[in-house]
Amino acid sequence: MSTQLTTDAATGTVTIDLARLRANWHSICGLVGPAACGAVVKANAYGLGADRVIPALYAAGAREFFIATPSEAAAARALVPDATLYALDGVPTGSGPILKSVGAIPVISSLEELDHWISLHAPEEQAPVALHVDSGLNRLGMEHGEVDALVSDGERLSKLSIVLVMSHLASADDPSDSKSEKQLSRFNDLHAKFPNVRASLAASDGLMLGSRYHFDLVRPGYALYGGQAFRGGPTPVGPVVRVEARILQVRSVAAGETVGYSGTWMAERPSRVAIVAAGYADGIARTASAATGQVCGKVSVGGEHAPIVGRVSMDLITVDVTDLKRIPKRGEMAVLVGDGLTLESIGQAAKTIGYEVLTRLGPRFERVYIDGGD
Ligand SMILES: *Cc1c(COP(=O)(O)O)cnc(C)c1O
């Protein structure tokens, strides 16, 4: 990255409340106890900065972390030398030595991958693994035939230290979807083949489906960061992230004039339009653009919501502030996430999900860490 600017000079900030993050982890622990609560910190802790998020969660008491890739495993290991690290991408070809050297436990999804991991260990060593079994998502995970082949193969088993059996739910956000019950039942059958091995099924939404889904360990990511994707009611967590970007100019637009690329939005009355310093290069979805008469994305200025108008461009959005009680001034900050604009509502307005809104917040936003209040 380029030189770190002071917050006063930043065109945009992502403010991350580490006290709230720790409180969210504690709330989920309380909800799922006696099951343990891990923390999913892949993708740079969902874009919030693994170097700050991982130590904060460790300070709160988290000892089991899930990352996706070998490079994420190496970065996490430097931060938490004695924590358990699970690598959700397993052992991508060529990455075994890195995983071994940092002591990460790969989440293995096939017999082929398992044998590859075993081959990287000395004959007298037991290779530590988490087994990912498929219960109906059909993404990563061992097929049932492979699971049966493994449990009847004493030779292979003797070379392994299986520390976790896990699976992942497809539709946990919707409590009325019967797929979760089917997956739960399949997972119970699969887990029964590994008596005495800890089990994990639920992520942020699955843990809201009740204690039958908790097993020994839950794996929330999004909820720790304040996400509320579960549609059956609020998860007991609060917002961690606030995003702001600076207003560079406020201009008058005459009735009949258009704003932005391709002139997709036309002022139907004399209007005031604020030009805000964040665009699709910063993760503001271009699908939040609004043509004449449409309302898609919104921002908050002085506590009032105002619609994005015209196309979202690379570095800028244009916001119709005509109806605000107070017209903002150049230099003020517009709130992109926060002030009632939730990750979910923003995702919905942009025809995506809050997860994508969160993980796409770009490097031009300065990350500011606060620890309760400020
Ligand atoms: C990303 C991921 C999680 C965390 O999911 P959230 O919905 O963010 O809680 C858990 N388990 C697996 C396998 C994942 O890929």
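Up top you'll find the structure we're talking about.
From a predicted model like this one, the values you see are computed outputs, not experimental measurements.

(A) A look at the layout of surface pockets. Computed from the structure, the largest pocket encloses a volume of approximately 840 Å³. For the largest pocket, the lining is made up of 36 residues, of which His168, Ala203, Asp205, Ile353 and Tyr355 are closest to its centre. Every element with two or more residues in the lining of the largest pocket is listed here: α2 (42-46), α10 (343-349) and α11 (354-359). Here the lining of the largest pocket gets 4 residues from one element, more than from any other, and that element is α10. Among the residues making up the lining of the largest pocket, the classes are represented as 17 nonpolar, 11 polar and 8 charged.

(B) A look at the packing of aromatic side chains. Inspection of the entire model under this criterion finds 5 aromatic pairs. Aromatic side chains Tyr46 and Tyr355 sit 6.5 Å apart centroid to centroid with 40° between the ring planes, which places their arrangement in the tilted category. With Tyr46 in helix α2 and Tyr355 in helix α11, the pair connects residues that are 309 residues apart, well separated along the chain. The exposure class assigned to Tyr46 is buried, which follows from its relative accessible area of 6%. Exposure remark for Tyr355: the relative accessible area of 28% places this residue in the partly exposed category. Taking 4.6 Å as the distance between ring centres and 20° as the angle between the ring planes, the aromatic pair formed by Phe66 and Tyr86 counts as stacked. On the criterion of sequence distance, the pair formed by Phe66 in strand β4 (residues 64-67) and Tyr86 in strand β5 (residues 84-87) is long-range, its members being 20 residues apart. Just as Phe66 is buried, Tyr86 falls in that class too.

Conventions used here
Residues numbered from 1 in each chain as written. Predicted model: local features only at pLDDT ≥ 70, side-chain atom pairs only at ≥ 80, totals over all residues. Heavy atoms only, no water. 1 Å grid on protein atoms, 1.4 Å probe; cavity = no way out; pocket = protein on both sides within 12 Å on 5 of 7 lines; lining within 4 Å. Points joined across faces, edges and corners; volume = space filled by probe spheres on them. Helix = DSSP H or I, 4+ residues; strand = E, 2+ residues; numbered from the N terminus. Nonpolar A, V, L, I, M, F, W, Y, C, P; charged D, E, K, R; others polar. Phe/Tyr/Trp six-rings, centres within 6.5 Å; stacked < 30°, edge-to-face > 60°. Buried < 20%, exposed > 50% of the residue type's maximum accessible area, 1.4 Å probe, protein only.

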